[in-house]
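# Architecture and fold: a report
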Amino acid sequence: MDAIQQHMIDSYRAAQRGELPPPLPGRHDWGVVREARDRRRFDAVIAGRPARGRRWAALRSLLGKYRPSGV
């Protein structure tokens, strides 16, 4: 059963009970992504690491190792 079929069953059940239907599948996906990003930043701050720019700093350090000498 996919998400649309489950939503249809849940909507039918809610209508039978006189309740509000559930939100459409995928409606809150970007909110979940933002919350996960915020949580990751929060955990980094609590651990004493920089909250932003960690990937770019790691990429710069890797590229710096492979830069030819004399350039």
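The shown structure was predicted, so the numbers you read here are calculated from the model rather than taken from an experiment.

Below, the discussion takes up the overall build of the protein. Of regular secondary structure, the protein possesses 3 helices and 0 strands. Here the protein has a C-alpha radius of gyration of 23 Å; the compact-globule value for 71 residues is 11 Å, and the former is much larger. Taking the principal axes of its C-alpha atoms as reference, the protein extends roughly 75 × 30 × 15 Å. Counting across all 71 residues of the protein, residues that qualify as buried make up 6%. Carbon together with sulfur atoms contributes 58% to the accessible area of the protein, which is approximately 6,700 Å² in total. The averaged location of the 7 negative side-chain charges in the protein is 15 Å from the averaged location of its 15 positive side-chain charges.

Moving on: the confidence of the model for the protein. Summing up the model confidence of the protein, the mean pLDDT is 87 and the portion of residues at 70 or higher is 93%. Taken element by element, the protein is modelled with least confidence in helix H3 (residues 54-65), mean pLDDT 80, and with most confidence in helix H1 (residues 3-17), mean pLDDT 95.

The next thing to look at is a positive patch on the surface. A cluster of basic side chains, namely Arg-40, Arg-49, Arg-54 and Arg-55, defines a positive patch on the protein surface. Position of Arg-40 among the secondary structure elements: in helix H2 (residues 29-46). Overall, Arg-40 belongs to the partly exposed group, its relative accessible area being 42%.

A few words on the environment of Gly-53. By secondary structure assignment, the location of Gly-53 is in the loop between H2 and H3. For Gly-53, a relative accessible area of 40% translates into the label partly exposed. Sequence separation between Gly-53 and Val-32 is 21 residues, and the spatial gap between their C-alpha atoms is 21 Å.

What counts, and where the lines are drawn
- Residues numbered from 1 in each chain as written.
- Predicted model: local features only at pLDDT ≥ 70, side-chain atom pairs only at ≥ 80, totals over all residues.
- Heavy atoms only, no water.
- Helix = DSSP H or I, 4+ residues; strand = E, 2+ residues; numbered from the N terminus.
- Rg over C-alpha atoms; globule rule 2.2 N^0.38 Å.
- Buried < 20%, exposed > 50% of the residue type's maximum accessible area, 1.4 Å probe, protein only.
- Areas by Shrake-Rupley, 256 points an atom, 1.4 Å probe, with all protein chains shown as cover.
- Lys, Arg positive; Asp, Glu negative; His and termini not counted.
- Charge placed at Lys NZ, Arg CZ, Asp CG, Glu CD.
- pLDDT = per-residue confidence, 0-100.
- Patch = residues over 30% accessible without salt bridge, like charges linked within 9 Å, V, L, I, M, F, W, Y side chains within 5 Å.
- Salt bridge = Lys/Arg side-chain N within 4 Å of Asp/Glu carboxyl O.

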